[in-house]
Amino acid sequence: MLKFTILLLSLVSLGNGLFAQDGKALFQTNCASCHSPFTQIIGPALKGAQQRIPDNKLLHDWVKNNTKVLASGNKYFTDLFNQFSKTPMNTFPTLTDPEIDAIFKYVEAAQPPPPPGGGDDKTGSKVVESDNTLLYGILTLIMAIIMFVLLQVNSSLKKMSDDKEGIPATEPVPFYRNKVYIAFAIIAVFIFGGYLVVTAAIGTGRQQGYQPEQPIFYSHRVHAGINQISCLYCHSNAMDSRHATVPPLNVCMNCHAAINDYTKGPKLFREDGSEVDGTAEIQKLYAHVGYNPKTSTYDPSKATPIEWVKIHNLPDHVFFSHAQHTKAGQVQCQTCHGPITEMDEVKQFATLGMGWCINCHRSTKVNFGDSSGNGGNKFYSIYNRFHQDLKTGAMDSVTVENIGGTECQKCHY
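The residue numbers shown here count from 1 along each chain, following its written sequence. Per-residue local features are limited, in this predicted model, to residues with pLDDT of at least 70; the limit for side-chain atom pairs, both in listing and counting, is 80 or more; totals at the level of whole chains, interfaces and linings are taken over all residues. Water and hydrogen atoms were dropped before computing side-chain values, which therefore reflect all heavy atoms in the structure.

1. So, the overall build of the chain
Logical step 1: Looking only at helices and strands, the chain features 17 helices and 4 strands.
Logical step 2: When burial is assessed residue by residue, the chain has 26% of its 413 residues classed as buried.
Logical step 3: Each accessible area is a Shrake-Rupley estimate made with a 1.4 Å probe; only the visible protein chains count as cover when residues are assessed. Accessible area for the chain stands at about 27,800 Å²; split by element, carbon and sulfur atoms hold 61% of it. The helix count covers DSSP runs of H or I at least four residues long, the strand count covers runs of E at least two residues long, and both are numbered beginning at the N terminus. Per-residue accessibility, obtained with a 1.4 Å probe over protein chains only, is compared with the maximum for each type, and a residue is labelled buried under 20%, exposed over 50%, and partly exposed between these values.

If you want it as C-alpha cells, here you go:
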C-alpha cells in the first residue's frame, strides 16, 4: 500500500510538471492573440489574475464559458465585460482545469523583456560586428607587392652572383614586357573578373539585409515579441496559401479600435537612432482606415490603402509555397525570417538564394514519426517505401532531399 501511494504521488507530481511545461505553448496557442502577461491589448493583462479572482473554480468557468459566468450576474466579470466595450471573449470548453492552471502559472512566472539599449556585452554597450573584407584586401595587396619585391631582389642577387663568377650578364627584360608577368597578370584579371561577374549574376535580385522604412512604423518586437501575438494571427494565409500576404487593415483594427495610444511599451527607435512616437503611428493607421477614435465610427470615403514596401522577393522563375513549408513541413517562421520577434523595422535575414534553400533541404529531417509512422505528420503517410525503410532500419531518418526536395522541377517547373 505504501509503494502504491508513493507511486501515485510521483505520477501526480510528474503530471503537474508536464502541465507547467506546457503552459507557455497553451498560452501562445489560445491566449496570445488577445492577451499579454504584462500589458493590455484586446483584453486585460493576465498577470495577477489569480490574485484578482481568488475563486479558482470561477476562473476556470470564465475561461471555459464566459457567457455562462456573465449570465450568473457576477459583478467583477460584468464590470470587466463593460470595460472592454462588451466584447465577448472566446470560449475554451476543451481546456482542462490543469491546463488552465498551467497557463496562469506560466503568466505569473513570465518576466518582462529588458528595456531597449541593454546591449550585448557586460558593459551594456551594443556589440557591433565588423566587416574585415577591406582589411583582408589590403593585406593581400601588401603581400603581392612584397612578393614582387622579393622577385626583384632575387634577380639582383643572381646578377651579382653571375658577375662574381664571370658569367656574362644578359640584358634584363622589363617587367611590363616579361611574358611570365604578363601571363600572371592576365590570369589574375581573368579570375578576379570572372569572380565578380559570377557573384553579380548569382546575386541578381538578392537583397539580404534589405530594411526599407515603411509608411507606418510597425514593430514586430512589440507585437510578436513582447505581446506574443502569433505570426499566423496577422499572416493567416501562410498556412494555406503560397503567399503569407500582408494582413488587411481590419486585422489591425481588431486591436487598435481599443488601443489608441502607445504609452506603456518600451521606447521605439529607427535604425538611424531617431525616436518613434508610437501614438502618432497609431493615428496614421486611423487616418488610412477613416476611423474616428472619439466617436468610434468609420468614414469609408476617407479610407486609403497603406503602400507597404515589400521586403522578401524571389525571382519570377522560382516557385515557393508558404503552406508547403509551414503546414506540411511544419517549419517555424524564424527559420527563414530570422529573430523576427526582436526586430522593429523588419529586414531580410537570409539570402533566400538557391544554395541556401538546397542546403536546408539536404539537412532538414521530415517528421515521418516512428518506424510505424505513428506520431508523424500524416501529410507524408503516402511515402510507403520510406516508412518501410524506417521500420526495417535501412534508414534512420528522412530528409527533404530524400522526398525530392532538391529536384529542379520542384521549384522550377
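Back to the write-up after that little detour.
2. Details of unusual backbone geometry
Logical step 1: In this structure, Thr245 is a non-glycine residue whose phi angle is positive, near 65 degrees.
Logical step 2: Counting through the fold element by element, Thr245 comes out in the loop between helix H10 (231-234) and helix H11 (249-256).

3. Quick word on the state of the cysteines
Logical step 1: Here, the term disulfide refers to a pair of cysteine sulfur atoms separated by no more than 2.5 Å. According to the stated counting rule, one finds 0 disulfides in the structure shown.
Logical step 2: Cysteine Cys408 is unpaired, with the sulfur of Cys411 as its nearest cysteine sulfur at 9.2 Å.

4. Considerations on the nonpolar core
Logical step 1: Nine residue types can take part in a nonpolar core, namely buried Ala, Val, Leu, Ile, Met, Phe, Trp, Tyr and Cys, and a core is a set of them joined through side-chain atoms within 4.5 Å. Counting 23 residues, the largest nonpolar core has Phe27, Val63, Phe77, Leu95, Ile103, Phe104 and Val107 as the members making the most contacts within it.
Logical step 2: Elements with a minimum of two residues in this core: helix H1 (2-30), helix H3 (56-64), helix H5 (75-83) and helix H6 (97-109).
Logical step 3: Among the elements that take part in this core, H6 stands out by supplying 6 residues, more than any other.
Logical step 4: Not counting residues within four places of it along the chain, the set of residues in contact with Val107 comprises Phe27, Pro37, Leu46 and Lys47. Two residues form a contact once any of their heavy atoms are found within 4.5 Å.

5. Quick look at the packing of H11 against helix H12 (residues 278-289)
Logical step 1: To obtain an axis, a line is fitted to C-alpha atoms, over the contacting stretch when the element is a helix, and the angle between two such axes runs from 0 to 180 degrees between their N-to-C directions. With their axes 11 Å apart at the nearest point, H11 and H12 run at an angle of 130 degrees to one another. Classified by the angle between their axes, H11 and H12 sit oblique to one another. H11 and H12 meet at a crossing whose hand is left-handed. Here Leu249, Cys252, Met253 and His256 of H11 lie close against H12, whose contacting residues are Ile282, Leu285, Tyr286, His288 and Val289.
Logical step 2: Among the residues forming the contact of H11 with H12, the class breakdown is 7 nonpolar, 2 polar and no charged. Roughly parallel covers angles under 35 degrees, roughly antiparallel covers those over 145, roughly perpendicular covers 65 to 115, and oblique covers all other angles. For a crossing to be left-handed, the near helix must be turned anticlockwise from the far one by less than a right angle; the clockwise case is right-handed. Each residue is assigned to one of three groups, with Ala, Val, Leu, Ile, Met, Phe, Trp, Tyr, Cys and Pro labelled nonpolar, Asp, Glu, Lys and Arg labelled charged, and all others, Gly among them, labelled polar.

6. Overview of the packing of H3 against H6
To describe two helices that pack against each other, one gives the angle between their axes and the distance between the axes.
Logical step 1: Orientation of H3 relative to H6, taken along the N-to-C sense of each, is 95 degrees, at an axis distance of 10 Å. Relative to H6, the element H3 is oriented roughly perpendicular. Along its contact with H3, which presents Asn56, Leu59, His60, Val63 and Lys64, the element H6 presents Asp97, Ile100, Asp101 and Phe104.
Logical step 2: Each residue belonging to the contact of H3 with H6 can be placed in one class, and the counts come to 4 nonpolar, 2 polar and 3 charged.

7. So, the side chain of Ser36
Logical step 1: Within the fold, Ser36 resides in the loop between H1 and helix H2 (49-52).
Logical step 2: On the accessibility criterion, Ser36 (0% relative accessible area) is buried.

8. As for the environment of Gly225
Logical step 1: Within the element layout of this structure, Gly225 appears in helix H9 (residues 220-226).
Logical step 2: Put simply, Gly225 and Asp344 are 119 residues apart on the chain and 9.9 Å apart in space, counted from C-alpha to C-alpha.

9. A few points about the packing of aromatic side chains
Logical step 1: Any pair of Phe, Tyr and Trp rings, taking the six-membered ring for Trp, is counted once the centres come within 6.5 Å. Such a pair is stacked with planes under 30 degrees apart, edge-to-face with planes over 60 apart, and tilted for the rest. Under the defined criterion, the tally for this structure stands at 13 aromatic pairs.
Logical step 2: With centroids separated by 5.7 Å and ring planes inclined at 90 degrees, the aromatic side chains of Phe148 and Tyr181 adopt a geometry described as edge-to-face. With Phe148 in helix H7 (residues 133-165) and Tyr181 in helix H8 (residues 179-202), this residue pair connects regions lying 33 residues apart in the sequence.
Logical step 3: Assessed through its relative accessible area of 33%, Phe148 is described here as partly exposed.
Logical step 4: Seen from their ring centres, Phe368 and Phe386 are 6.2 Å apart, and the 85 degrees between their planes marks the pair as edge-to-face. Taken together, the residues Phe368 in the loop between helix H15 (354-363) and helix H16 (384-392) and Phe386 in helix H16 connect sequence positions 18 residues apart.
Logical step 5: The class for Phe386 is buried, based on a relative accessible area of 7%.
Logical step 6: Here a set of aromatic residues connected by ring pairs shows up, and it is made of Phe368, Phe379, Tyr380, Tyr383 and Phe386.
Logical step 7: Here the basic side chain of Arg385 rests over the ring of Phe386, its NZ or CZ set 4.4 Å away from the ring centre. The criterion is that NZ of a Lys, or CZ of an Arg, lies within 6 Å of the ring centre and within 35 degrees of the ring normal, and then a charge sits over that ring.

10. Regarding the environment of Asn227
Logical step 1: With respect to the element layout, Asn227 can be found in the loop between H9 and H10.
Logical step 2: The sequence separation of Asn227 and Thr341 amounts to 114 residues, and the corresponding C-alpha distance is 9.8 Å.

11. Some details on the pattern of salt bridges
When their charged atoms lie close together, side chains carrying opposite charge are able to pair.
Logical step 1: Any Lys or Arg side-chain nitrogen located within 4 Å of an Asp or Glu carboxyl oxygen qualifies as a salt bridge. Within the structure shown, the criterion is met by 11 salt bridges.
Logical step 2: Note that Lys64 is salt-bridged to Asp97, the shortest N-O span being 2.7 Å. Placement of Lys64 in helix H3 and of Asp97 in helix H6 is noted, with a sequence separation of 33 residues between them.
Logical step 3: Lys64 sits in the partly exposed class, given a relative accessible area of 24%.

12. Points about the confidence of the model for the chain
Logical step 1: Residues with a pLDDT of 70 or more make up 87% of the chain, whose mean pLDDT is 83.
Logical step 2: By mean pLDDT, the top-scoring element of the chain is H12 (96), and the lowest-scoring one is H1 (53). The quantity known as pLDDT measures the predictor's confidence residue by residue, on a range of 0 to 100.

13. Regarding a nonpolar patch on the surface
Logical step 1: Patch construction takes residues with relative accessible area above 30% that form no salt bridge. Like charges are linked within 9 Å, and nonpolar side chains (Val, Leu, Ile, Met, Phe, Trp, Tyr) are linked within 5 Å. There is a patch of nonpolar side chains on the surface, built from Leu134, Leu135, Tyr136, Ile138, Leu139, Ile142, Ile146 and Leu150 and spanning about 800 Å² of accessible area.
Logical step 2: Summarising the element assignment, Ile142 is placed in helix H7.
Logical step 3: Looking at Ile142, the relative accessible area reads 41%, which means it is partly exposed.

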